[in-house]
Amino acid sequence: MQIAMNSIIPITEATKHFKNVCDKTKELGTAFIFKNNRPDIVMMDIDRYQQLISVLDSIEHLEIASIINKRKSTDDGKRFSLDEVLN
């Protein structure tokens, strides 16, 4: 993962100047809060978050469609009743 240097914020700055961090996050879309010189928290603008969720939903739908197609291709037509499955 590559992190732009201008999106890195030390946790002490985030704690002391939260509004500034929020403004920077809005400007950049994403901010990375570092603790002990390591990424610890990601802050994300709501628009960027919604885009990310939309992409994840699309990926999930594609995976489900792939599973359905695989099952259709190997379907032998045999079906079981609920009683057969439960017993």
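Small disclaimer: the values here were computed from a predicted structure and weren't measured. (Residues numbered from 1 in each chain as written. Predicted model: local features only at pLDDT ≥ 70, side-chain atom pairs only at ≥ 80, totals over all residues. Heavy atoms only, no water.)

1. Thoughts on the overall build of the protein chain
Which entries qualify depends on this criterion: Segments assigned H or I by DSSP are reported as helices when at least four residues long, segments assigned E as strands when at least two residues long, and all are numbered from the N terminus. Radius of gyration here uses only the C-alpha atoms, and the compact-globule reference equals 2.2 Å multiplied by the residue count raised to the power 0.38. The rule is simple: take the accessible area with a 1.4 Å probe, protein chains only, and divide by the maximum for that residue type; under 20% is buried, over 50% is exposed, in between is partly exposed. To be clear on the numbers: accessible area is Shrake-Rupley with a 1.4 Å probe, and residue cover counts the displayed protein chains and nothing else. Positive charge is attributed to Lys and Arg, negative charge to Asp and Glu, and no charge count is given to His or to the chain ends. For this purpose, a charge sits on NZ of Lys, CZ of Arg, CG of Asp or CD of Glu.
Scanning the protein chain from N- to C-terminus turns up four helices and three strands. The secondary structure elements of the protein chain, listed N-terminal to C-terminal, are β-α-α-β-β-α-α. Against the 2.2 N^0.38 benchmark of 12 Å for 87 residues, the protein chain shows a C-alpha radius of gyration of 23 Å, more extended than a compact globule. Dimensions of the protein chain, computed from C-alpha atoms along their principal axes, come out at roughly 65 × 25 × 20 Å. For the protein chain, with 87 residues in total, the buried portion stands at 15%. Counting every atom, the protein chain has about 7500 Å² of accessible surface; 55% of that belongs to carbon and sulfur. Across the protein chain, the 12 positively charged side chains and the 13 negatively charged ones have centroids separated by 6 Å.

2. Description of a nonpolar patch on the surface
Here is the rule: Distance thresholds for patches are 9 Å for like charges and 5 Å for nonpolar side chains (Val, Leu, Ile, Met, Phe, Trp, Tyr), applied to residues having over 30% relative accessible area and no salt bridge. Any carboxyl oxygen of Asp or Glu that lies within 4 Å of a side-chain nitrogen of Lys or Arg is treated as forming a salt bridge with it.
Judged by side-chain polarity, Val42, Met44, Ile46, Tyr49, Leu52, Val55, Leu56 and Ile59 come together as a nonpolar surface patch covering roughly 680 Å² of accessible area. Of all the elements in the fold, those that place two or more residues in the nonpolar patch are strand S3 (38–44) and helix H3 (46–73). Sort the elements by how many residues they give to the nonpolar patch and H3 lands first, with six residues. As for its position among the elements, Ile59 is in helix H3. Exposure remark for Ile59: the relative accessible area of 41% places this residue in the partly exposed category.

3. Quick word on the sheet that holds strand S1 (residues 8–10)
Spelled out, the test is: Being paired, for any two strands, means DSSP has found at least two bridges between them. Angles shown run from 0 to 180 degrees and are taken between the N-to-C directions of axes, each axis being a line fitted to C-alpha atoms and, for helices, limited to the stretch in contact.
Pairing is mixed across the open sheet formed by three strands, whose spatial order is S1-S2-S3. Because the sheet does not close on itself, it has two edges, and the strands there are S1 and S3. Averaged over neighbouring strand pairs, the angle between their axes works out to 35° when direction is ignored. The sheet contact formed by strand S2 (residues 30–35) and S3 spans six bridges and is antiparallel. Counted as the bridge partner of Ala31 is Met43 from S3.

Take it as geometry only, folks, not as evidence of what the structure does.
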